[in-house]
Amino acid sequence: MLSPTAATAAASASAEPVPKHTYHAFMAKMQQPSASGLFRSIKLFVRDLLSDTQRSVDEVAEAVQAFFYETEEAIAQHPLWHGCEPEELDKACDALEKFVTTKLYDKVFLTDAEERENDRLLEERLQHLRFVTVEHLSVSPAFCAAYPWAGAQQELCKLAAYRTPRDKLVCVLNCCKRINSSLSVTSAGSHGADEFFPVLIFVLLQACPPQLHANLQYISRFRHPSKLVSEAAYYLTHMQSAASFVLSLTAEQLSIEQADFQQLLAKARAESDEQSAVLRAKLDELLPLLRRAESQQSLADAEAKGRMAAESTRAQAADQIRETVHKLSAELAKRNNDSGSNKNSY
């Protein structure tokens, strides 16, 4: 039988080492006593920003970027990172960004009224222009081997699943790289922005990613400027340009007659109204169920303690229906607002 010391040594020997370039490795170093002062300053900075109700999102972003520069210098000079490889230091900076931005996310993402409105307008426009085809965008059939570029669309739809500017930027880069890769196959690498941009527009319209405007703003504000260079800057700029292009897109910019464009646009709006009607019908069905479930929950609350399981079941059922009703109501209200704004749009 191994002694406690021998057992501990054996366990340590068999344990997998933590990779030096991961977020967990960064956090492990921050938990060490020698990093307590550095880690305390990071947590205090986040706490102070979370309690600050006066700064705008742009002002928060400026403060965050200044803090990144200051803290990254402190990390580079700290004994725990002394003599480390450049890649480890680079990943430590990404980990710092992740720690700060994930905690600030709910404070800075889509919290500004004007930004929410801009995001709504772009999402509405994307939905209404999904009828646009590669032919309308004058994409050569020779470059359509990977049509409809489903992989690129999927990358855009992942944006909302992440909370760090780095991860969101990776989605943008992966989308653009998939498009470029497919074009390279047919052009032998000779294609350029004139071939790439129309395909990006098509992918954007078909993917119709939610909160695109907000996500692009978030990346620009909170991703470290030193990481928004070269390829990252090129593709992010193209995505921002594509979003702006969609907002101002007219028949004159497409290979389509004005009358056909307006007809297809009107059809898209009608389909959106129809979807709102379906949501309204679902609400009409669910509201009586919600009232019944709430009534049953009230009765269950008056029952004996021995029926706690039944009470819990009824309460959960009421909560589930209530949550569904709230979601449908929010979606219906959004669509009603969109419908009202559509009357004077485009």
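Heads up: the structure comes first, above all this text.
What counts, and where the lines are drawn
Each residue is numbered by its place in its chain's sequence as written, counting from 1. Totals for whole chains, interfaces and linings use every residue, but because this is a predicted model, local features are given only for residues with pLDDT of at least 70 and side-chain atom pairs only at 80 or more, for both listing and counting. No hydrogens and no water enter the side-chain calculation; it runs on all heavy atoms of the structure. Numbering of helices and strands runs from the N terminus; a helix is a DSSP stretch of H or I covering at least four residues, while a strand is a stretch of E covering at least two. Burial here depends on accessible area, computed with a 1.4 Å probe over protein chains only, as a share of the maximum for the residue type. Under 20% is buried, over 50% is exposed, and the range in between is partly exposed. Contact criterion: two residues are considered in contact whenever any of their non-hydrogen atoms come within 4.5 Å of each other. Accessible areas in this description were obtained via Shrake-Rupley with a 1.4 Å probe; residue shielding takes into account the shown protein chains only. Only rings of Phe, Tyr and Trp enter the pairing, Trp through its six-membered ring, and a pair is recorded when the two centres are within 6.5 Å. The plane angle decides the type: under 30 degrees is stacked, over 60 is edge-to-face, the rest tilted. The rule for a charge over a ring is simple: NZ of Lys or CZ of Arg within 6 Å of the ring centre, and within 35 degrees of the ring normal. Think of a 1 Å grid over the protein atoms and nothing else: a 1.4 Å probe that fits but is trapped marks a cavity, an open set flanked by protein within 12 Å on at least five of seven lines marks a pocket, and residues with an atom within 4 Å of a point count as lining. Grid points are joined across faces, edges and corners, and a volume is the space filled by probe spheres set on the points. Here the nonpolar group is Ala, Val, Leu, Ile, Met, Phe, Trp, Tyr, Cys and Pro; Asp, Glu, Lys and Arg are the charged ones; every other residue, Gly included, is treated as polar. Multiplying 1.5 Å by the residue count of a helix minus one yields the expected span of that helix. Fitting one axis to the seven residues ending at a residue and another to the seven starting there, the bend at that residue is the angle between the two axes. Here a polar contact means two N or O atoms within 3.5 Å. Within protein one must be a hydrogen donor candidate and the other an acceptor candidate, and residues neighboring in sequence count only if both atoms are side-chain atoms. Salt bridges are defined by distance alone: a side-chain nitrogen of Lys or Arg within 4 Å of a carboxyl oxygen of Asp or Glu.

## Some points on the overall build of the chain
Regarding its fold elements, the chain presents 13 helices and zero strands. Secondary structure elements of the chain occur, N-terminal to C-terminal, as α-α-α-α-α-α-α-α-α-α-α-α-α. Across the 346 residues of the chain, 40% fall into the buried class. Restricting to contacts in the chain with at least 6 residues of sequence separation, those with at least 24 account for 79%. Element-wise, carbon and sulfur atoms account for 53% of the exposed surface of the chain, whose accessible area totals about 18800 Å².

## A short note on the packing of aromatic side chains
The tally for this structure, following the rule as stated, stands at 14 aromatic pairs. When the centroid spacing of 5.9 Å and the interplanar angle of 80° are considered together, the rings of phenylalanine 197 and phenylalanine 245 count as edge-to-face. In this pair, phenylalanine 197 is assigned in helix H9 (residues 193–207) and phenylalanine 245 in helix H11 (residues 230–247), connecting sequence segments 48 residues apart. Grouping aromatic residues by their ring pairs yields a cluster made of Tyr105, Phe109, Tyr218 and Phe222. Cation over ring: lysine 98 sits above tyrosine 23, and NZ or CZ is 4.5 Å from the ring centre.

## Quick notes on unusual backbone geometry
The phi angle of most residues is negative, glycine excepted, and most peptide bonds adopt the trans form. In this structure, proline 148 follows tyrosine 147 across a cis peptide bond, with omega equal to 0°. Tracing the backbone shows proline 148 in the loop between helix H6 (113–128) and helix H7 (150–157). One non-glycine residue, tryptophan 149, lies in positive phi territory at about 55°. The topology assignment puts tryptophan 149 in the loop between H6 and H7. The exposure class assigned to tryptophan 149 is buried, which follows from its relative accessible area of 3%. At glutamine 211, a position not held by glycine, the phi torsion is positive, near 60°. Within the secondary structure, glutamine 211 is located in the loop between H9 and helix H10 (212–222).

## Remarks on the layout of surface pockets
The space that makes up the largest pocket amounts to roughly 250 Å³. If you go around the largest pocket, you meet 11 residues; those closest to its centre are Gln127, Arg130, Ala268, Glu271 and Gln275. For the lining of the largest pocket, the secondary structure elements donating two or more residues are H6 and helix H12 (258–301). For the lining of the largest pocket, the element with the highest residue contribution is H12, accounting for six residues. Here the lining of the largest pocket is composed, by residue class, of three nonpolar, four polar and four charged.

## A closer look at helix H5 (residues 86–108)
Along its 23 residues, H5 runs 31 Å from first to last C-alpha, staying within 8% of the 33 Å computed at 1.5 Å per residue. Most pronounced at threonine 102, the bend in H5 amounts to some 40°. After H5 finishes, the residue leucine 110 shows a positive phi value of roughly 55°.

## What about the environment of lysine 103?
Inspection of the secondary structure puts lysine 103 in helix H5. Each C-alpha atom, one on lysine 103 and one on arginine 163, is 9.2 Å from the other, the two residues being 60 residues apart in sequence. Sequence-distant contacts of lysine 103, that is, excluding residues within four places in its chain, are made with Val46 and Leu50.

## As for the side chain of histidine 224
Assignment of secondary structure puts histidine 224 in the loop between H10 and H11. A distance of 2.9 Å separates polar atoms of two side chains, one belonging to histidine 224 and the other to serine 226. Here histidine 224 is in contact with Gln65, Phe68, Tyr69, Glu72 and Glu97, once residues within four sequence places are set aside.

## Examining helix H4 (residues 57–77)
Spanning 21 residues, H4 covers 30 Å between terminal C-alpha atoms, matching the ideal 30 Å at 1.5 Å per step. On its buried side, H4 packs onto helix H2 (23–30), helix H3 (36–51), H5 and H10.

## A look at the side chain of histidine 136
Residue position: histidine 136 is located in the loop between H6 and H7. Overall, histidine 136 belongs to the buried group, its relative accessible area being 13%. A polar contact is formed between the side chain of histidine 136 and the backbone nitrogen of threonine 133, at a distance of 3.1 Å. Ignoring any residue separated from it by four or fewer positions in sequence, one finds histidine 136 in contact with Phe131, Leu254, Ser255, Ile256 and Leu264.

## Looking at the pattern of salt bridges
Within the structure shown, the criterion is met by 17 salt bridges. Between aspartate 94 and arginine 223 there is a salt bridge; the shortest N-O distance is 3.0 Å. Of the two residues, aspartate 94 is situated in helix H5 and arginine 223 in the loop between H10 and H11; the sequence distance between them amounts to 129 residues. Each member of the pair, aspartate 94 together with arginine 223, is buried. The closest approach of N and O atoms between arginine 166 and aspartate 167, which form a salt bridge, is 3.1 Å.

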